[in-house]
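Here's the letter readout for the chains.
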Amino acid sequence: MTQKNEDAGVAYWKANLSLLKLCLAIWFFCSYVLGIFFVDAMNTMSLGGYPLGFWFAQQGSIYIFLFLIVFYSIRMGQIDRKFGMDEEE
Amino acid sequence: MDLHDLTFLVVGATFAVYIGIAIWARAGSTKEFYVAGGGIKSWQNGMATGADWMSAASFISMAGLIAFKGYDASVYLMGWTGGYVLLAMLLAPYLRKFGKFTVPEFIGDRFYSQGARLTAVGCLITASITYVIGQMKGIGVAFSRFLEVDFTTGLFIGMGIVFIYAVLGGMKGITYTQIAQYVVLIFAYTVPAIFISLNLTDSVLPQIGLGSAMNDGSGTFMLDRLNQTVTDLGFASYTIQQGSTMNMFMLTLSLMIGTAGLPHVIVRFFTVPKVADARSSAGWALFFIALLYTTAPAVGAMARYNLTTTIQNGEVGVVEANIEYAERPQWFKNWEKTGLLKFEDKNGDGRIQYYNDKNKEFAAKAEAEWGWKGNEMVKIDRDIMVLANPEIAQLPNWVIALVAAGGLAAALSTAAGLLLAISSSISHDLLKSVFMPNISEKSELMAGRVAMSGAILVAGYLGMNPPGFAAQVVALAFGLAASSIFPALMMGIFYKRSNNIGAVAGMLVGILSTLIYIFMYKGWFFVPGTASLPDNPANWFLGISPGSFGALGALLNFVTNYVVSNMTAPPPEHIQQLVEDIRIPRGSGEATGH
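Model, not experiment: these values are computed from the prediction.

**Section: the overall build of chain A**
(1) Moving on: Across its full length, chain A carries 3 helices and 2 strands.
(2) Moving on: Helices and strands appear in chain A in the N-to-C order α-α-β-β-α.
(3) Moving on: In terms of overall size, chain A is more extended than a compact globule, its C-alpha atoms giving a radius of gyration of 18 Å where 89 residues would be expected to give roughly 12 Å.
(4) Moving on: Its C-alpha atoms give chain A principal-axis dimensions of roughly 60 × 25 × 15 Å.
(5) Moving on: The 89 residues of chain A split such that 42% are buried.
(6) Moving on: Within chain A, contacts between residues separated by at least 24 positions form 52% of all contacts whose residues are at least 6 apart in sequence.

The following block contains the structure:
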């Protein structure tokens, strides 16, 4: 590997890791923080007939997980191309 | 046509479809079998992963646990979906880039050691067998109801069918069969849910119905009504947490990382055409899984409501409000035959009193004021709720038949997939690669079948007296996968310094600590009556249940791997290069053979 490629590799990996951190922070927040740790406080609010904490634990977190994977997948595709790491067709 | 014949017809028709597809799309070669053809689209792979993934635990058992545990059962919902986030971001793309077919192969290569590969095989088999025990419980429930026999007979018949199903070559991993199974399964799950949602509320979507007002003109929300109904009978409130926060956190985490560490799910991502497809396949898989998982809370809550109000159909304390045993509905009689539902007339009034007699205050009041002498529904197996649900709600017979077909599809597809994972790790990863390199293809196949039969017998025997409801047993399997496979894979990808000794030590510490902790409370090797300590929160270490220990086991695994790796020689240059290489998608190529 040439020096230039190696630098691109390091930068690419950094970009990947920071995207990972962001996604995993949201992952942790919507399920553990809103759905478990602060569920009682969240339950004082409601979404239709759902207590809000209960909704996050049984519905909301699943929707957010799905959104996160889609978001990650699209962003990673952009990062792959930006650093020239994408797969050749 | 009566229900019995209709059920046979629907189940028979769905099986005919699976077999038909299997014959039509028969794999031509071993490689074709593994990669299921390069032309599989991400969404198709996602759908097939959904069928593989959603087992008796998801289909039959989970909503039943939700029905009786309410909010506390959220751990299963979050745990079994949140793991896909980890899978999509931390494992799938890198394992796909690595480009081999099995998890032990990756571990063996990355940690340049047969020892690591063997350890991985051992962990994989332990987790898979535990998983199959849970499936066997679900299969026993489904067959006992379907054939109207008792649970043990149902289990034996189920074992026979699983054996034929798993051994029949064409049914194994063919993506198109699994797509068909997914369609049957999701249809069978959501149709009754929609019916019931429309019965109780005005919403077509159960996800909305659960948060809507009842349609009886009262304007009361569904969940408020349910809370009222159950607390009136002395039960705990449905939407409020009962267990400890610590244990919920640990169990959810354990299920999430276990999901990302289960071999039969990971394997699916080895076989997509490109790295980018591995990421999007995980998204599609979660989309198809979420259709069932977001419906399950409504199924659970509405089943609990219908069950309770069928037995207690008016104000608590009024004599006529308790249904007479002689007038019990047909579904009640059917489930009594399986032995999974039991009634005992404790106060001899010929009526059924179903309430929480463990609630001392309420039980005393019930006895003094109404002459109730204890809860008379002495057994309601949680695992019957989903199958009984459409009957309880008095839905048309074809819906009930459809649910039976869906439950069987879920249980059989996953059990067969797991048994194949077990048999291939024994015949391929153990015998062929390590102990008997010269074994002929024929003997390899034979060894696989013997291993599979052994696994069915062990799992069937332990499934007769399982250490919990199907979903709970499956949760133990996730704990084992979480404590062993996931940390090894993650360290292999994200920590270049991790070496062979560190990985083996980590996996051993992780799985042994978790296994011993589980055996202490659930019985040694799950043999009933051999537990060292009673299985209740007072005896648990730091209040962590055996099912939740996997998260702690994983932590021990990570720490051991890190410390031992740093105390011993770093991995050789070509391994560090390998890690660099799997981190970038470019040059992925096709997955290659063994």
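**A few points about the overall build of chain B**
(1) Moving on: Of the regular secondary structure elements, chain B holds 24 helices and 2 strands.
(2) Moving on: Its C-alpha atoms give chain B a radius of gyration of 24 Å, within 12% of the compact-globule value 25 Å for 594 residues.
(3) Moving on: Oriented by its inertia axes, the alpha-carbon framework of chain B measures out at about 80 × 55 × 45 Å.
(4) Moving on: Residue pairs at least 24 apart in sequence account for 80% of intrachain contacts in chain B once pairs closer than 6 positions are excluded.

**Considering the confidence of the model for chain B**
Residue and element names in this part refer to chain B.
(1) Moving on: Chain-level pLDDT for chain B is 86 on average; 94% of the residues reach the 70-or-more range.
(2) Moving on: Mean pLDDT per element in chain B: helix α2 (residues 30-35) is the minimum at 47, and helix α23 (residues 549-567) is the maximum at 95.
(3) Moving on: In this model residues 29-37 is a low-confidence stretch, pLDDT under 50, and it forms 13 contacts with partners more than four residues away in sequence or in other chains.
(4) Moving on: Two summary scores accompany this predicted model of the complex, namely pTM at 0.90 and ipTM at 0.93.

**Here we look at unusual backbone geometry**
Residue and element names in this part refer to chain B.
(1) Moving on: If you check the backbone angles, Tyr112 has positive phi at about 35 degrees while not being a glycine.
(2) Moving on: Secondary-structure assignment places Tyr112 in the loop between α6 (103-110) and α7 (114-146).
(3) Moving on: At Gln394, a residue that is not glycine, the phi angle is positive and equals roughly 60 degrees.
(4) Moving on: As for its placement among the helices and strands, Gln394 is situated in the loop between α18 (385-392) and α19 (397-435).
(5) Moving on: Exposure remark for Gln394: the 15 C-beta atoms within 10 Å place this residue in the partly exposed category.

**Digging into the packing of helix α3 (residues 42-53) of chain B against helix α13 (residues 263-270) of chain B**
Each pair of packed helices can be described by the angle between their axes along with the distance between the axes.
Residue and element names in this part refer to chain B.
(1) Moving on: It is at 10 Å that the axes of α3 and α13 come closest, and there the two elements cross at 170 degrees. As far as their axial angle goes, α13 and α3 are roughly antiparallel. Residues Asn45, Thr49, Asp52 and Trp53 of α3 form the contact with α13, whose participating residues are His264, Val265 and Arg268.

**Looking at the interface of chain B and chain A**
(1) Moving on: Counting residues at the interface gives 43 residues for chain B and 36 residues for chain A.
(2) Moving on: Ranked by residues supplied to the side of chain B that touches chain A, first place goes to helix α14 (residues 275-293) of chain B with 10 residues.
(3) Moving on: Classifying every residue of the side of chain B that touches chain A by side-chain character gives 23 nonpolar, 14 polar and 6 charged.

**Some remarks on α18(B)**
For the α-helix, the turn length of 3.6 residues means that residues three or four positions removed from each other point alike.
Residue and element names in this part refer to chain B.
(1) Moving on: Counting buried positions over the 8 residues of α18 gives 8, a clear majority of the element.
(2) Moving on: For α18, the set of buried residues is Met385, Val386, Leu387, Ala388, Asn389, Pro390, Glu391 and Ile392.
(3) Moving on: Here the buried face of α18 lies against α4 (56-69), α7, α9 (175-200), α15 (296-311), α16 (330-338) and α19.
(4) Moving on: Two residues or fewer past α18, Gln394 is found with a positive phi of approximately 60 degrees.

**Let's talk about the confidence of the model for chain A**
(1) Moving on: For chain A, mean pLDDT is 90; residues scoring 70 or higher make up 93% of the total.
(2) Moving on: Per-element confidence in chain A is highest for helix α3 (residues 52-82) of chain A, whose mean pLDDT is 95, and lowest for helix α1 (residues 3-37) of chain A, whose mean pLDDT is 90.

**Thoughts on α19(B)**
Residues and elements named next belong to chain B.
(1) Moving on: Given a rise of 1.5 Å per residue, 39 residues ought to cover 57 Å, and the 54 Å separating the end C-alpha atoms of α19 matches this to within 8%.
(2) Moving on: The largest bend in α19 comes to about 30 degrees, at Ser425.
(3) Moving on: Counting buried residues along α19, 33 of its 39 residues qualify, which places the element largely inside the surrounding structure.

**Here's the deal with the nonpolar core**
(1) Moving on: Judged by nonpolar contacts, the single largest core of 220 residues is most densely connected at Leu185(B) and Leu419(B).
(2) Moving on: Broken down by element, the residue count for this core peaks at 20 residues, all from α19(B).

**Structural notes on the packing of α19(B) against helix α20 (residues 441-464) of chain B**
Residues and elements named next belong to chain B.
(1) Moving on: The contact between α19 and α20 brings their axes to 8 Å, and the two run at 135 degrees. Considering their axes alone, α19 and α20 lie oblique with respect to each other. As α19 packs across α20, the resulting crossing turns out to be right-handed. In this structure, α19 contributes Leu419, Ile422, Ser423, Ser424, Ile426, Ser427, His428, Leu431 and Lys432 to the contact, and α20 contributes Glu444, Ala447, Gly448, Arg449, Ala451, Met452, Ala455 and Ile456.
(2) Moving on: Looking at the contact of α19 with α20 residue by residue, the classes come out as 9 nonpolar, 5 polar and 3 charged.

**Thoughts on the environment of Ala193(B)**
Residues and elements named next belong to chain B.
(1) Moving on: Following the sequence through the fold, Ala193 ends up in helix α9.
(2) Moving on: The exposure class assigned to Ala193 is buried, which follows from the 27 C-beta atoms found within 10 Å.
(3) Moving on: Taking C-alpha positions, Ala193 is 8.3 Å from Leu205, a pair spaced 12 residues apart along the chain.

**Observations concerning the environment of Ala213(B)**
(1) Moving on: Note that Ala213(B) resides in the loop between α10 (206-209) and α11 (222-232).
(2) Moving on: The exposure class assigned to Ala213(B) is buried, which follows from the 20 C-beta atoms found within 10 Å.
(3) Moving on: Through-space distance from the C-alpha of Ala213(B) to that of Leu223(B) is 8.5 Å; in sequence the pair is 10 residues apart.
(4) Moving on: Leaving out residues up to four positions away in the same chain, Ala213(B) has contacts with Gly49(A), Thr201(B), Gly219(B), Thr220(B) and Phe221(B).

**Observations regarding the environment of Tyr32(A)**
(1) Moving on: Assignment of secondary structure puts Tyr32(A) in helix α1.
(2) Moving on: Owing to 21 C-beta atoms within 10 Å, Tyr32(A) belongs among the buried residues under this scheme.
(3) Moving on: Tyr32(A) sits 24 residues away from Phe56(A) along the chain, and the two C-alpha atoms are 9.6 Å apart.
(4) Moving on: Setting aside residues no more than four positions away along its own chain, Tyr32(A) makes contact with Phe37(A) and Phe249(B).

Each value, and the rule that gives it
Residues numbered from 1 in each chain as written. Chains lettered and ligands numbered in written order. Predicted model: local features only at pLDDT ≥ 70, side-chain atom pairs only at ≥ 80, totals over all residues. Helix = DSSP H or I, 4+ residues; strand = E, 2+ residues; numbered from the N terminus. Rg over C-alpha atoms; globule rule 2.2 N^0.38 Å. Buried ≥ 20, exposed ≤ 12 C-beta atoms within 10 Å, placed from the backbone. Contact = placed C-beta atoms within 7 Å. pLDDT = per-residue confidence, 0-100. Axes fitted to C-alpha atoms, helices over the stretch in contact; angles between N-to-C directions. Parallel < 35°, antiparallel > 145°, perpendicular 65-115°, else oblique. Nonpolar A, V, L, I, M, F, W, Y, C, P; charged D, E, K, R; others polar. Expected span 1.5 Å × (residues − 1). Bend = angle between axes of the 7 residues up to and from the residue. Core = buried A, V, L, I, M, F, W, Y, C linked by C-beta atoms within 7 Å. Left-handed = near helix turned anticlockwise from the far one by under 90°.

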